Amino acid sequence: MSDTPFGFGLPPEEPENGDEGKKKDPAGGGQGSGGQGGPANPFGFGFPGGPGGGADNPFAAMFGSLNPTDLGAAFQQLGQMLSYEGGPVNWDMAKQIARQTVSQGTQDGTKDSSVGPGERAAVEGAVRLADLWLDGATSLPSGAGSAVAWSRAEWVEATLPAWQQLVDPVAERVGVAMGDVLPEEMQAMAGPLIGMMRSMGGAMFGQQIGQAIGVLAGEVVGSTDIGLPLGPAGKAALLPLNIEAFGRDLGVPKDEIRLYLALREAAHQRLFAHVPWLRSHLFGAVEGYARGIKVDTSKLEDVVGQFDPAHPEQVQEALQQGMFQPEETPEQKAALARLETALALVEGWVDAVVHDAAKNRLTSADALRETLRRRRASGGPAEQTFATLIGLQLRPRRLRDASRLWASLTDARGMDGRDGLWAHPDMLPTATDLDDPDGFVHREQLDFSELDKMLGEAAEGRDGDDTDK
């Protein structure tokens, strides 16, 4: 399969210009962003002034070696890009690129593969055992109706709807900004150009997001690695191939690693299944932060002012450099604090509960806990790509503080008292509480049951009055 992001163009082993190309360039041309030579070319064919393209014929590289069938497919895909009229991200493109990235394998040379019956049985058994252990560590019942073992490609398919919900609010700002950067009197005349730019922008955003999702598929070990419920509700998922890569240099038995990761996945599932407001709270925090991000219009103005339909890679380059700047306003700072606190509370609770369940059962529990904490704090290259593209790092910066607070709550109020805080978002610790965990732990608990009782009685009274009338 080609290394070019859009799946067409010259394979690296073929010369650009037939036999003449062999003499001039033994290494071949037409490499895309995944190749080793020359700048990234999102389409795999030459542009005027670019690698592999003549000044008079931007498609010279393609015409030189592609047969009519390949050429037709190439133009069909290009036509699909230019005719795209969907939302701010071309998700069909993103899915295609993500699947292609997965098929190319990770940097260590590991290729994706189907999950065998033995691996599926091992994952199912690990999740069942994890749920048994968690029964003694949390009052929240099991949230995993099923346990599945995914390949990397299956992870991509299953998580795309969640990525769409996360990315679209930010990408929408780019689409709006593309029209706003032109003076109002020019917008009517430039309508077709703006339409083409938005179509190309959606495709390029899809290409970049798809690339990042594909890379992330080679790093994750389950469906909740980033602290958000990316997979279908009630389905605990692990990726055996990535678990093997994760534990390669740890010196810990594979069964223990699988079981520890199953504990984390099952704990996440309990939280998201039995705290009904949590999913919308987390995604709402992401959207709230996204609304406060401003697009760097100076970069967009440069792109729009110099846009040449023959050079659509200009949009891609702008996206790769990042066009988002957080607003330094009190509202935006508050939105970021809410998001970071929410992620830290979720990850801190999982960390504390899993440690409680595993510490007396797994000899490697402490080592695995620290490894996961560091991995979560530093993130990988794919997470950094998302930070550049959507201006947001989904990282629990205060995971350790949150974990200590949940552990202290367990000691002071017991398991039921700790987990009872998830009953209402207003009962959860705030960022200030993470600074003073002892103060929060020993503060008088808010009791919403009495308020609910009063509201219920008031409602019944109103109903009675209406009946009398």
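This text goes with the structure placed above it.
Remember, it's a predicted structure, so these values are computed and weren't measured experimentally.

What counts and what doesn't
- Think of each chain on its own: its residues are numbered from 1, step by step along the sequence as written.
- The predicted nature of this model means local features are confined to residues of pLDDT at least 70 and side-chain atom pairs, given and counted, to a pLDDT of 80 or more, with totals for whole chains, interfaces and linings taken over all residues.
- Hydrogens and water molecules were not included; the side-chain quantities draw on all heavy atoms of the structure.
- What we call a nonpolar core is a set of buried Ala, Val, Leu, Ile, Met, Phe, Trp, Tyr and Cys residues that are connected through their side-chain atoms within 4.5 Å.
- When accessible area is computed with a 1.4 Å probe and restricted to protein chains, residues below 20% of their type maximum are described as buried, those above 50% as exposed, and intermediate ones as partly exposed.
- Put simply, DSSP H or I for four residues or longer makes a helix, DSSP E for two residues or longer makes a strand, and each gets a number counted from the N terminus.
- Whether two residues are in contact is decided by their heavy atoms, any of which lying within 4.5 Å being enough.
- Aromatic pairing here means that ring centres of Phe, Tyr or Trp (its six-membered ring) are within 6.5 Å. Orientation follows from the plane angle: under 30 degrees is stacked, over 60 is edge-to-face, and everything else is tilted.
- We call a charge positioned above a ring when the Lys NZ or Arg CZ atom is no farther than 6 Å from the ring centre and deviates by at most 35 degrees from the ring normal.
- Here, axes are lines fitted to C-alpha atoms. For helices the fit covers the stretch in contact, and angles between N-to-C directions go from 0 to 180 degrees.
- Working rule for handedness: look at the near helix, and if it is turned counterclockwise from the far one by less than a right angle, call the crossing left-handed; if clockwise, right-handed.
- Residues are said to line a cavity or pocket when one of their atoms sits within 4 Å of a point; the points come from a 1 Å grid over protein atoms alone, cavities being sets where a 1.4 Å probe fits but cannot get out and pockets being open sets with protein on both sides within 12 Å along at least five of seven lines.
- Grid points are joined across faces, edges and corners, and a volume is the space filled by probe spheres set on the points.
- Only Asp, Glu, Lys and Arg are considered charged in this grouping, and only Ala, Val, Leu, Ile, Met, Phe, Trp, Tyr, Cys and Pro are considered nonpolar; every other residue, Gly among them, is considered polar.

Brief notes about the nonpolar core
Okay, so step 1: One finds Trp 155 and Trp 422 to be the most contacted residues of the largest nonpolar core, which totals 93 residues.
Okay, so step 2: Per element, the largest residue contribution to this core is 14 residues, and it comes from helix 14 (residues 330-358).
Okay, so step 3: Among all residues touching Trp 155, those that are not within four sequence positions of it are Trp 150, Trp 163, Ile 213, Leu 216, Ala 217, Val 220, Gly 222, Ser 223, Leu 230 and Leu 239.

Observations regarding the packing of aromatic side chains
Each aromatic ring pair is characterised by the separation of its centres together with the angle its planes make.
Okay, so step 1: Under the defined criterion, the tally for this structure stands at four aromatic pairs.
Okay, so step 2: Taken together, a centroid distance of 6.4 Å and an interplanar angle of 85 degrees make the contact between Trp 349 and Trp 422 edge-to-face. A residue pair is termed long-range when its members are at least 10 positions apart, and Trp 349 in helix 14 and Trp 422 in the loop between helix 17 (399-419) and helix 18 (431-435) qualify at 73 residues.
Okay, so step 3: Consider the rings of Trp 406 and Trp 422, whose centres lie 5.3 Å apart with planes at 20 degrees: the pair is stacked. Of the two residues, Trp 406 sits in helix 17 while Trp 422 sits in the loop between helix 17 and helix 18, which places them 16 residues apart along the sequence.
Okay, so step 4: According to the relative accessible area criterion, Trp 406 is buried, its value standing at 0%.
Okay, so step 5: Among the aromatic residues, those joined into a ring-pair cluster are Trp 277, Trp 349, Trp 406 and Trp 422.
Okay, so step 6: Across the ring face of Phe 440, the terminal group of Arg 413 is positioned such that the distance to the ring centre comes to 5.6 Å.

Regarding the packing of helix 14 against helix 17
Okay, so step 1: In the contact formed by helix 14 and helix 17, the axes pass within 8 Å of each other and the chain directions differ by 65 degrees. Considering only the axes of helix 14 and helix 17, their crossing is right-handed. Residues Ala 344, Leu 345, Glu 347, Gly 348, Trp 349, Asp 351, Ala 352 and Val 353 of helix 14 form the contact with helix 17, whose participating residues are Leu 399, Ala 402, Ser 403, Trp 406, Ala 407, Arg 418 and Asp 419.

With respect to the layout of surface pockets
Okay, so step 1: Approximately 270 Å³ is the volume attributed to the second largest pocket.
Okay, so step 2: Lining the second largest pocket are 16 residues, and of these His 281, Arg 338, Thr 341, Pro 429 and Thr 430 sit closest to its centre.
Okay, so step 3: Secondary-structure elements contributing two or more residues to the lining of the second largest pocket are helix 11 (278-291) and helix 14.
Okay, so step 4: At seven residues, helix 14 tops the list of elements feeding residues into the lining of the second largest pocket.

Digging into empty space enclosed by the protein
Okay, so step 1: All told, the structure shown has two cavities of 30 Å³ or more when counted by the stated rule.
Okay, so step 2: Roughly 60 Å³ of internal volume is contained in the second largest cavity.
Okay, so step 3: In this structure, the second largest cavity is lined by Glu 119, Ala 122, Val 123, Pro 240, Ile 243, Lys 254 and Arg 258.
Okay, so step 4: Among the elements of the structure, helix 5 (117-134), helix 9 (240-246) and helix 10 (254-274) are those that each provide at least two residues to the lining of the second largest cavity.
Okay, so step 5: The element best represented in the lining of the second largest cavity is helix 5, accounting for three residues.
Okay, so step 6: Residue composition of the lining of the second largest cavity, by class: four nonpolar, no polar and three charged.

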